[in-house]
Amino acid sequence: MTKAVLITGGSRGIGRATARLLGARGWSVGVNYARNLAAAQDTAAEVERAGGRALTIAGDVASEADVLAMFDALQQKFGRLDALVNNAGIVAPSSQLADMDLARLKRMFDVNVLGAYLCAREAARRMSTDRGGAGGVIVNVSSAASRLGSPNEYVDYAGSKGAVDTMTLGLARELGPRGVRVNAVRPGLIDTEIHASGGKPERAAQLGGTTPLGRPGTAGEVAETIVWLLSDAASYVTGALLDVSGGR
Ligand code: NAP
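What comes next is a walk through the structure. Throughout this document, residue positions are counted from 1 along each chain, in the order its sequence is written. Residue-level local features of this predicted model are given only where pLDDT is at least 70; pairs of side-chain atoms are given and counted only at 80 or more, and the full residue set underlies all totals for whole chains, interfaces and linings. As a rule here, side-chain values come from all non-hydrogen atoms in the structure, and water together with hydrogens is ignored.

1. A look at the site of the ligand
In plain terms, the rule: Here, proximity means that at least one heavy atom of the residue falls within 4 Å of the molecule or strand. Polar contact criterion, stated in full: a pair of N or O atoms within 3.5 Å, where within protein one must be able to donate a hydrogen and the other to accept it, and residues adjacent in sequence count only if both atoms are side-chain atoms. Accessible areas in this description were obtained via Shrake-Rupley with a 1.4 Å probe; residue shielding takes into account the shown protein chains only. Where helices and strands are cited, they refer to DSSP runs of H or I of at least four residues and of E of at least two residues respectively, numbered from the N terminus. Note on residue classes: Ala, Val, Leu, Ile, Met, Phe, Trp, Tyr, Cys and Pro are nonpolar, Asp, Glu, Lys and Arg are charged, and everything else, Gly too, is polar.
In the region of the ligand, 33 residues are neighbours, and S11, R35, N87, Y157 and T192 sit closest. Take D60: an N or O atom from its side chain is 2.9 Å from a nitrogen atom of the ligand. Between H195 and the ligand, the recorded distance is 3.0 Å, taken from a side-chain N or O atom to an oxygen atom. Protein contact buries 97% of the 900 Å² of open area that the ligand shows by itself. Counting only elements with at least two residues in the shell around the ligand, the list comes to α1 (13-24), β2 (28-33), α4 (102-127), α6 (155-175) and α7 (194-197). Residue classes in the shell around the ligand are distributed as 13 nonpolar, 14 polar and 6 charged.

Below, the structure is given as structure tokens:
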């Protein structure tokens, strides 16, 4: 039986590129999305063209009820759960902390921190061998921002990814003896639509040249790293925070 993965925020960007690669490796992929059904359907079609199976799953990772329903839908459709790519995340327009309102801060931490924790918790409940699971893998999608701090842009976002890093370190130790590997990737400047949602569509192109590798990264390059971490080729890797940032 092929393995099944839930990718949060699988409809676009890094999530979509990961879904496509996993489809080509024969995985069954749950493509979670927040609002953009058309993009999720496009991703699902790409997964199926690549040779995998796909299910689009609506849900806000910041909602506990949605998260439970997302995992239930995946397990009902594919009959198993082998991996979580904890990828859904948001930014907000560049700003100093002094100018950020409460609503922005709450939403940033609700989606990027609470959402990541809720999804990791559900994966832990369902995959841990001491809870009746068969073991598995979690890959958290953090950011190089967690060590750069993102001054004058998004210190809120950077802090939310710091929480994801720390959760990765703790959960790897908690779940290692229970059959689940937990790692994080920390992308740098990657060419996706997330920058437009922060009001700077050209951000990756403009700043990519300042990295040691002299260009922005692609979603596919991050996806290759995620897929490796999910694979048995990474069977002795857990608790790693893996930069995919062109040396930035
Ligand atoms: P993106 O192109 O903006 O895509 C975001 C994805 O997340 C979409 O599928 C979106 O769904 C989904 N999403 C947003 N809010 C959600 C919510 N509350 N619940 C469920 N899904 C939600 O972003 P990306 O660049 O691929 O980023 C993916 C991850 O990589 C994020 O965690 C981001 O912080 C991280 N990252 C990105 C970069 C970069 O330069 N691109 C760098 C470092 C880290 P809809 O399609 O329905 O809107």
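2. Considering the nonpolar core
Quick note on the threshold: Take the buried Ala, Val, Leu, Ile, Met, Phe, Trp, Tyr and Cys residues and link them wherever side-chain atoms come within 4.5 Å; each set so joined is a nonpolar core. Working definition: with a 1.4 Å probe on protein chains only, accessible area under 20% of the residue-type maximum means buried, over 50% means exposed, and in between means partly exposed. In what follows, a contact means two residues having at least one pair of non-hydrogen atoms within 4.5 Å.
Counting 30 residues, the largest nonpolar core has V5, L22, V29, V185, I226 and L230 as its most contacted members. Sorting the residues of this core by element identifies β1 (4-7), α1, β2, α2 (37-50), β4 (83-86), β5 (136-141) and α9 (219-230) as the ones contributing at least two each. Apart from the residues lying within four places of it in its own chain, the contact partners of V185 are V139, N140, V141, S142, S143, V222, T225, I226, L229, L242 and V244.

3. Focus: the packing of aromatic side chains
We count it as follows: Two aromatic rings, drawn from Phe, Tyr or Trp (for Trp, its six-membered ring), form a pair once their centres lie within 6.5 Å of each other, and the interplanar angle then sorts them: stacked below 30 degrees, edge-to-face above 60, tilted otherwise.
Scanning the entire structure with this criterion turns up 1 aromatic pair. When the ring of Y154 is compared with that of Y157, the centres are 5.7 Å apart and the planes differ by 70 degrees; the resulting orientation is edge-to-face. Classification of Y154 as buried rests on a relative accessible area of 3%.

4. Things to note about the sheet that holds β5
As a reminder, the rule being used: By definition, two strands form a pair when at least two bridges between them are found by DSSP. To get an axis, fit a line to the C-alpha atoms, keeping to the stretch in contact for a helix; angles then go from 0 to 180 degrees between the N-to-C directions.
Taken in spatial order, the 7 strands line up as β3-β2-β1-β4-β5-β6-β7 in an open sheet, and their pairing is parallel. Pairing within the sheet leaves two strands with one partner each, and these edge strands are β3 (53-58) and β7 (241-244). On average, adjacent strands in this sheet sit at an angle of 20 degrees to one another, irrespective of strand direction. Here β4 runs beside β5; their pairing, made up of 4 bridges, is parallel. For A83, the partnering residue across the bridge sits in β5 and is V137. Relative to the sheet, helix α3 (residues 64-78) contacts β1, β2, β3 and β4, its axis offset from that of β3 by approximately 155 degrees. Against the sheet, α6 engages β4, β5, β6 (180-187) and β7, with an angle of about 160 degrees to β6.

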